Amino acid sequence: MLLIGLTGGIATGKSTVSKIFSSPPHSLPVIDADSLAHTVILPGTPAYRKILQNFLSTTPGLLHDPETDPNPSPHGASINRKVLGRRVFGTSDANKRDIKILNGIVHPAVRWAIFRGIVYYWLRGYWAIVLDIPLLFESRLDIYCGVSLLVGLEPELQLERLLKRDAFLTRDDGEKRIASQMPLDKKIGFADVVIWNNDSKEELEREIGAFVERYKRRRPWIWTLVMQVFWPATGLVISWRLLGNWLKRRRLDAKAAKKE
Ligand SMILES: CC(C)(COP(=O)(O)OP(=O)(O)OC[C@H]1O[C@@H](n2cnc3c(N)ncnc32)[C@H](O)[C@@H]1O)[C@@H](O)C(=O)NCCC(=O)NCCS
Ligand SMILES: Nc1ncnc2c1ncn2[C@@H]1O[C@H](COP(=O)(O)OP(=O)(O)OP(=O)(O)O)[C@@H](O)[C@H]1O
């Protein structure tokens, strides 16, 4: 089974690409880290409690008003993500400290949910699973993927599409969100495949179609079947791939550090 690590900057088109992957003719399962990150902070979860401990007293409006709460729960008012986003995204030292705290709370829960999702789809015999993870390289989850696919977009188009989609963001908010992410050229250095999304959605569909064909050809169904039935072989292949990916990532880290 192939794990396709899909990543890219904010609003570059990851969800659009995920939708293409999950629709016919490809019909691949997609595990969406953003949506898991939203689920693991719902009221009543350990992450919810930790976020409140760290941010509630210093972030006005962090919790939704119970009257207009989009996720009403008996465990308390849900977190207003727009307000939390304003607090943690940015380039100031305070922003950087806060996003680190938030990531430290949310990421372990998301990683565990991703793992459960992979096992679920693997048992169902899919030849590939798409992991839509915005912070694939930052969290080093690319090491677990058979191929990392970066959706690239010109910076001006990125800001334009972000502000058009999220009309509640000011230009300053949008620039801060983009600036708080790993720069595109650094991501390109880590990616196995880059698909540019500067043109139309139809062009994007064609590119994804060609990508799927290329990787499907390399994975005959008999391979998927053998890997599912003969567990010792699966363990060996996974260990071998992990070692190879870990060594590759170490080499790329050293190259990126030299550039900086
Ligand atoms: C700050 C939060 C509450 C803002 O929520 P909101 O609904 O406004 O945005 P959403 O979650 O849909 O994220 C939109 C995009 O922002 C970018 N982004 C999100 N979190 C981060 C982060 N920690 N660092 C850099 N960029 C990020 C990604 O490109 C993502 O696709 C939320 O993003 C969050 O909890 N982030 C921390 C967890 C995380 O890293 N999530 C990303 C997947 S694991
Ligand atoms: N080729 C395209 N042409 C025009 N608009 C596009 C194209 N691809 C994506 N978009 C639009 O750009 C916006 C951002 O795309 P999308 O939501 O897929 O990005 P994303 O990377 O998933 O965002 P986020 O990082 O916030 O999760 C959406 O409004 C989408 O409809």
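See the structure above.
Here's a quick rundown of the structure. Treat the numbers as computed from the prediction; the structure is a model and nothing was measured.

1. Let's talk about the packing of aromatic side chains
Part 1: Under the definition given, this model contains six aromatic pairs.
Part 2: Considering the side-chain rings of tyrosine 120 and tyrosine 121, the 5.1 Å spacing of their centres and the 80° angle between planes classify their relative orientation as edge-to-face.
Part 3: Among the residues examined, tyrosine 121 registers a relative accessible area of 21% and is labelled partly exposed.
Part 4: When the ring of tyrosine 121 is compared with that of tyrosine 126, the centres are 5.9 Å apart and the planes differ by 80°; the resulting orientation is edge-to-face.
Part 5: Exposure remark for tyrosine 126: the relative accessible area of 31% places this residue in the partly exposed category.
Part 6: Through a chain of ring-to-ring contacts, three or more aromatic side chains come together here, namely Phe21, Phe211 and Tyr215.

2. Description of the site of ligand 1
Part 1: Taken together, 20 residues form the shell around ligand 1, and within it Asp34, His38, Arg81, Asn103 and His107 come nearest.
Part 2: Residue asparagine 103 places a side-chain N or O atom 2.8 Å away from a nitrogen atom belonging to ligand 1.
Part 3: In this structure, an oxygen atom belonging to ligand 1 sits 3.4 Å away from a side-chain N or O atom of arginine 177.
Part 4: Protein coverage of the free-state accessible area of ligand 1, which is 770 Å², stands at 91%.
Part 5: Among the elements of the structure, helix H2 (33–39), helix H4 (81–88) and helix H5 (93–123) are those that each provide at least two residues to the shell around ligand 1.
Part 6: In terms of residue count, H5 provides more of the shell around ligand 1 than any other element does, five residues in total.
Part 7: Residue composition of the shell around ligand 1, by class: 11 nonpolar, five polar and four charged.

3. What to know about a nonpolar patch on the surface
Part 1: Residues Trp221, Ile222, Trp223, Leu225, Val226, Val229 and Phe230 make up a contiguous nonpolar surface patch of about 740 Å² in total accessible area.
Part 2: Structurally, phenylalanine 230 can be placed in the loop between helix H10 (221–229) and helix H11 (231–259).
Part 3: Assessed through its relative accessible area of 49%, phenylalanine 230 is described here as partly exposed.

4. Looking at helix H3 (residues 46–55)
Part 1: When H3 is considered as a whole, its buried residues turn out to be Ala47, Tyr48, Ile51, Leu52 and Phe55. On an axial view of H3, the arc spanned by its buried residues comes to 140°, and they lie on one face. Facing away from the buried surface of H3 by more than 90 degrees, the exposed residues are Pro46 and Gln53.
Part 2: In this structure, the buried residues of H3 make contact with H4 and H5.

5. Let's talk about the pairing of strand E4 (residues 147–152)
Part 1: Burial analysis of E4 places six of its six residues in the buried class, which makes it a mostly covered element.
Part 2: Side chains Val147, Leu149 and Val151 of E4 all project onto a buried face; the interleaved residues Ser148, Leu150 and Gly152 project onto the opposite face, where all are buried too.

6. Side note on the side chain of serine 78
Part 1: Note on placement: serine 78 falls in the loop between H3 and H4.
Part 2: Reaching out from serine 78, the side chain makes a polar contact with the side chain of aspartate 69 at a distance of 2.7 Å.
Part 3: With residues near it in sequence (within four places) discarded, serine 78 still touches Pro43, Tyr48, Leu62, Leu63, His64, Asp69, Pro70 and Asn71.

What counts and what doesn't
- Residues numbered from 1 in each chain as written.
- Chains lettered and ligands numbered in written order.
- Predicted model: local features only at pLDDT ≥ 70, side-chain atom pairs only at ≥ 80, totals over all residues.
- Heavy atoms only, no water.
- Phe/Tyr/Trp six-rings, centres within 6.5 Å; stacked < 30°, edge-to-face > 60°.
- Buried < 20%, exposed > 50% of the residue type's maximum accessible area, 1.4 Å probe, protein only.
- Near = heavy atom within 4 Å.
- Polar contact = N/O pair within 3.5 Å; in protein donor to acceptor, adjacent residues only side chain to side chain.
- Areas by Shrake-Rupley, 256 points an atom, 1.4 Å probe, with all protein chains shown as cover.
- Helix = DSSP H or I, 4+ residues; strand = E, 2+ residues; numbered from the N terminus.
- Nonpolar A, V, L, I, M, F, W, Y, C, P; charged D, E, K, R; others polar.
- Patch = residues over 30% accessible without salt bridge, like charges linked within 9 Å, V, L, I, M, F, W, Y side chains within 5 Å.
- Salt bridge = Lys/Arg side-chain N within 4 Å of Asp/Glu carboxyl O.
- Arc of directions from axis to C-beta.
- Contact = heavy atoms within 4.5 Å.

Keep in mind that these numbers describe shape and distance, not what the molecule does.
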